[in-house]
Amino acid sequence: MKAIITGGAGFIGSAVCRHAVLELGWQVLNLDALTYAANLSSLASIEAHPNYQFIKADVCDRTALDAIFADFQPDCMLHLAAESHVDRSITGSAAFINTNIVGTYTVLEAVRAYHTSCPNFRLLHVSTDEVYGSLGDEGLFTETTPYSPRSPYSASKAASDHLVMAWHETYELNALISNCSNNYGPYHLPEKLIPLMILNALEGKPLPVYGDGSNVRDWLFVDDHARALTTIVQHGRVGETYNVGGRNERTNLQVVETICDLVDALALALPNGQPRRSLIAYVADRPGHDKRYAIDATKLEQELGWRAQENFDTGLRKTVAWFLEHQEWWQPLRWLAAQRQGLLK
Ligand code: NAD
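Just so it is clear, the model here is predicted, and its values are computed rather than measured. (Residues numbered from 1 in each chain as written. Predicted model: local features only at pLDDT ≥ 70, side-chain atom pairs only at ≥ 80, totals over all residues. Heavy atoms only, no water.)

Caption draft 1: Summary view of the site of the ligand. The immediate surroundings of the ligand are formed by 29 residues, with Ile 12, Asp 32, Ser 84, Tyr 153 and Lys 157 found nearest. Between Lys 157 and the ligand, the recorded distance is 2.7 Å, taken from a side-chain N or O atom to an oxygen atom. In isolation the ligand has 830 Å² of accessible area, and contact with the protein removes 98% of it. Those elements that place two or more of their residues in the shell around the ligand are helix H1 (11-23), strand S5 (122-128), helix H5 (152-171) and strand S7 (182-184). By residue number, the principal contributor to the shell around the ligand is S5, which donates three residues. Grouping the amino acids of the shell around the ligand by side-chain chemistry returns 15 nonpolar, ten polar and four charged. (Near = heavy atom within 4 Å. Polar contact = N/O pair within 3.5 Å; in protein donor to acceptor, adjacent residues only side chain to side chain. Areas by Shrake-Rupley, 256 points an atom, 1.4 Å probe, with all protein chains shown as cover. Helix = DSSP H or I, 4+ residues; strand = E, 2+ residues; numbered from the N terminus. Nonpolar A, V, L, I, M, F, W, Y, C, P; charged D, E, K, R; others polar.)

If you want it as structure tokens, here you go:
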């Protein structure tokens, strides 16, 4: 399998690149514009691998895309390149409109041109459960839940999902969509909730929790997501959407408290001997903060046989241990956490 992975220098994209090259034996071309969110050091384990190559390119650059398709002749593309941070979309939405909507449109047009010469080519557009909006206390998002995006980020992802299905219907592209819940794991940028809390807890800094901490997210270990994506792009039915999630709902406060307990157990105690839970500080809520997300992944499990291998307790323990052991990876990125003091996606 020859796959183009867009956004392969990001958090999830790098996990997909590592999985595809090291575990599946695919030939991978990582296409990434290297924004602030990219980190090529996350790819150190495959950078010299003969089945891996990196090209710096913008998904909005049609000329570059055409040249890459013509030269690499891929069997499939996993499109992950995006602006992904909800808080940044609130303070500056232009990049989200450009990359997430115009970039996906440009990818679709490049695929439309390429698939005339490669009719079996498959495109997987990687999206989020946030397109479905916010749940009350009960219920789960399924593939038929109506779209109701509520942040600039989720609106831009919803728009790109609609473009993908329109190009499938109109131009018969072999396109699929996956909508996944919140990811966490190794190589996660420290502006996002879980790595930010791990590093602040480690260093005895305040742990800012939005509102009262009762917002619920459904967490999935990133390597489980990577396996889901490579499964869907190979075996999913074109024109279909697959929800991806691990049935791990937690309130934000539960997440932060669990991180505190794990850091207390795995790292040196704070100088004052206080438990890390004492660092929790409630801050003003995010505007339009969705109350609850929860994914029903039954279709993916039953049709394609995928199962999450990690539950939240095993995955979070692995994640905390990884951050404790890989200071050389996150230390150069610590400024991102300092820049963003709120509770992040
Ligand atoms: P990320 O922000 O960590 O990485 C995004 C990558 O895309 C970066 O390497 C960046 O350089 C690249 N990129 C940005 N703009 C680009 C452009 N114009 N051209 C080429 N490359 C560009 O994101 P992530 O958390 O790894 O998310 C990857 C995808 O998965 C996104 O599409 C996101 O919407 C989706 N998703 C993320 C989550 C999550 O919890 N992180 C959950 C569900 C879906």
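Caption draft 2: The arrangement of the pairing of strand S6 (residues 175-180) in detail. Taken across its six residues, S6 has six buried, putting it largely inside the fold. Of the pairings in the sheet, the one linking S5 to S6 comprises six bridges and is parallel in character. Note that in S6 the partner of Ser 127 across the bridge is Asn 179. With four bridges joining them, S6 and strand S10 (residues 241-244) adopt parallel strand pairing. Each bridged residue has a counterpart across the sheet, and for Cys 180 the counterpart in S10 is Val 244. (Buried < 20%, exposed > 50% of the residue type's maximum accessible area, 1.4 Å probe, protein only. Pairing = 2+ DSSP bridges.)

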